[in-house]
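Each chain is listed here by its residues.
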Amino acid sequence: MSADQKVLSSLRPGVATEPMSGIVDTYIYAMGKPDVIPLWVGQGHLPTPAFIAEPAARALAAGETFYTHQRGLPELRQSLAQYHARAYGKAFDAENFTVCQSGMQSIQLALQAILSPGDEVILPVPAWTNYAATLRLAGMKPVEVALDFDGKSWTLDPARLFAAITPRTRAILINTPGNPLGHVLSHQVLQAILDECRRRRLWIIADEVYGRFYYSGNKPGQPAPSFLDICDTEERIFFCNTFSKNWAMTGWRVGWCMAPKALGPILENLVQYNTSGVTTFLQRGCIAALDEGDAFLADQISQAEQGRRIICERLAKAPGVRFAWPEGAFYLFFKVEGATDSAALSRTLIDQARVGLAPGNAFGQAGQGFLRLCFARDPAQLTEAAERLGNWLERNER
Ligand SMILES: Cc1ncc(COP(=O)(O)O)c(C=O)c1O
């Protein structure tokens, strides 16, 4: 046994064998290759706007560099309550909110608060790569239930979801609008899940980080159907969210959770023992994002909507491609007829079409044969990417 093997074999079981995210794998493959349009990752091309960055920079310069409230600055938690009230048309209480280091960490906090090793979490798939990996690393079991794809739409059958419940099930993890599918669950489906979870005393972990990116609303800016519309904030539901997507802040690593007030002291402890809070001066920028960011967010949504049209219209004309028009989030998940190895196809497209896409199997076996494309990008770049992909598919018709 080599020295490295000796060290690795003495780690916690599972930690060294957890595979690398297929998205990171694609990114590493594409690194350094000239003229590749990067659409594999879930972020736009714009840096954080000045109205958000400057208050953070000013707070840093002014010496806001000390420890602060574990659950976030009280003003920031107040701004979160007001932002939710504006978006969802009802009152929210700052006491339900906890600021944390990223959307990813809000999921970790949910797991730490609710689950024990060996517990099962029901997970509709294809789903964002990180859920299953983080559950496994924490010794919990993701129980995958596949959505149905009929070539034009993705649907989640609540009955199939409930059939997967066992005595070990503690939670159902629902991501809507969904990454990578762009599907949006209706109020009817959300209500069925809520009713069943109430009846069986299960938690809902609601990841609604793309809740504002919704393209089928009656009014501009209308959020996607949400558990927030139908639940009571004091029941067993834990919302995970982030500043990353709405306000071009992926590199800030700041997010928030919304949970029943009874969890306040527990989250206070969990934050203390995980990170001991979020960078103080960054929180000033987050307040600006919430208080002054509605117009910027509206622009982001309308740009994503334009990107969606550019990509979907071009790929709809390409041979052998099947997809559902995404109703929310900012991803197109499309199937390429005859493709049996998404990772190999994504490498080929990097080399031959010079477009970087995430392989569908990074989102679970149900995504094999699919590719995920992020359309929250500059329209000119997306038009070019759509042409490159369309042309490649035409040249390589299967
Ligand atoms: C569905 C979903 N939830 C949560 C996150 C995490 O966001 P953050 O960048 O704040 O960690 C992402 C990021 O891509 C995501 O797609």
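Residues numbered from 1 in each chain as written. Predicted model: local features only at pLDDT ≥ 70, side-chain atom pairs only at ≥ 80, totals over all residues.

Draft legend 1. Looking closely at the overall build of the chain. When you go through the chain residue by residue, the secondary structure sums to 13 helices and 15 strands. Against the compact-globule benchmark of 21 Å for 398 residues, the chain has a radius of gyration of 21 Å, which places it among compact chains. Over its C-alpha atoms, taken along the principal directions, the chain stretches across nearly 60 × 55 × 50 Å. The buried share among the 398 residues of the chain stands at 46%. (Helix = DSSP H or I, 4+ residues; strand = E, 2+ residues; numbered from the N terminus. Rg over C-alpha atoms; globule rule 2.2 N^0.38 Å. Buried ≥ 20, exposed ≤ 12 C-beta atoms within 10 Å, placed from the backbone.)

Draft legend 2. Region of interest: helix 2 (residues 22–30). Here helix 2 has its buried residues at Gly22, Ile23, Thr26 and Ala30. One face of helix 2 carries all of its buried residues, which in axial projection span an arc of 105°. Residues of helix 2 that are buried sit in contact with strand 1 (37–38), helix 6 (129–137), helix 12 (342–352), strand 13 (355–356) and strand 14 (358–359). (Arc of directions from axis to C-beta. Contact = placed C-beta atoms within 7 Å.)

Draft legend 3. How the structure looks around the domain arrangement of the chain. The assigned domain composition of the chain is domain 1 (18–42 + 296–392) and domain 2 (50–292). The interface of domain 1 with domain 2 comprises 30 residues on the first partner and 33 residues on the second. Looking at which element gives the most residues to the side of domain 1 that touches domain 2, the answer is helix 11 (residues 294–316), with eight residues. Grouping the constituent residues of the side of domain 1 that touches domain 2 by class yields 16 nonpolar, eight polar and six charged. (Domains from an automatic or database assignment. Nonpolar A, V, L, I, M, F, W, Y, C, P; charged D, E, K, R; others polar.)

Draft legend 4. Main features of the site of the ligand. What surrounds the ligand is a group of 13 residues, the closest being Ser102, Gly103, Met104, Thr242 and Ser244. Looking at the shell around the ligand, the element that brings in the most residues is helix 5 (residues 102–114), giving three residues. Split by residue class, the shell around the ligand holds three nonpolar, nine polar and one charged. (Near = placed C-beta within 6 Å.)

Draft legend 5. Quick peek at the nonpolar core. Counting residues in each nonpolar core, the largest one holds 115 residues, and the members touching the most others are Ile204, Phe238 and Cys257. Residue contributions to this core reach at least three from each of two domains, namely domain 1 (18–42 + 296–392) and domain 2 (50–292). Not counting chain neighbours up to four residues away, the residues in contact with isoleucine 204 comprise Ala171, Ile172, Ile174, Ile193, Leu194, Cys197, Phe227, Arg236 and Ile237. (Core = buried A, V, L, I, M, F, W, Y, C linked by C-beta atoms within 7 Å.)

Draft legend 6. Molecular detail of the pairing of strand 12 (residues 331–336). With six of six residues buried, strand 12 lies mostly within the body of the structure. Alternating positions in strand 12 separate into two faces, Tyr331, Phe333 and Lys335 on one and Leu332, Phe334 and Val336 on the other, with burial throughout. Sheet topology note: the strand 11 (residues 321–323)/strand 12 ladder contains three bridges and is antiparallel. By the bridge assignment for strand 12, valine 321 is matched with valine 336. (Pairing = 2+ DSSP bridges.)

Draft legend 7. Layout of the pairing of strand 9 (residues 237–242). Burial within strand 9 is extensive, with six of its six residues counted as buried. With burial as the criterion, each face of strand 9 is covered, one bearing Ile237, Phe239 and Asn241 and the other bearing Phe238, Cys240 and Thr242. By the bridge criterion, four bridges tie strand 8 (residues 203–207) to strand 9 in an arrangement that is parallel. Residue pairing for strand 9: isoleucine 205 is matched across the bridge by phenylalanine 238. Taken together, the four bridges between strand 9 and strand 10 (residues 255–258) define a ladder with antiparallel strand orientation. Its bridge partner being in strand 10, phenylalanine 239 is matched across the sheet by methionine 258.

Draft legend 8. Structural context of the environment of tyrosine 214. When you line up the elements, tyrosine 214 lands in the loop between strand 8 and strand 9. Taking C-alpha positions, tyrosine 214 is 25 Å from glutamine 78, a pair spaced 136 residues apart along the chain. The contact partners of tyrosine 214, leaving out residues within four places of it in the chain, are Pro177, Val184, Gln222, Pro223, Ala224, Glu327 and Gly328.

Draft legend 9. Region of the structure containing the sheet that holds strand 12. Strand order in the open sheet formed by four strands is 11-12-15-14, and the pairing between neighbours is antiparallel. At either end of the open sheet lies a strand with only one pairing partner, and these are strand 11 and strand 14. With respect to the sheet, helix 11 is in contact with strand 11, strand 12 and strand 15 (370–374), its orientation differing from that of strand 12 by roughly 10°. (Axes fitted to C-alpha atoms, helices over the stretch in contact; angles between N-to-C directions.)

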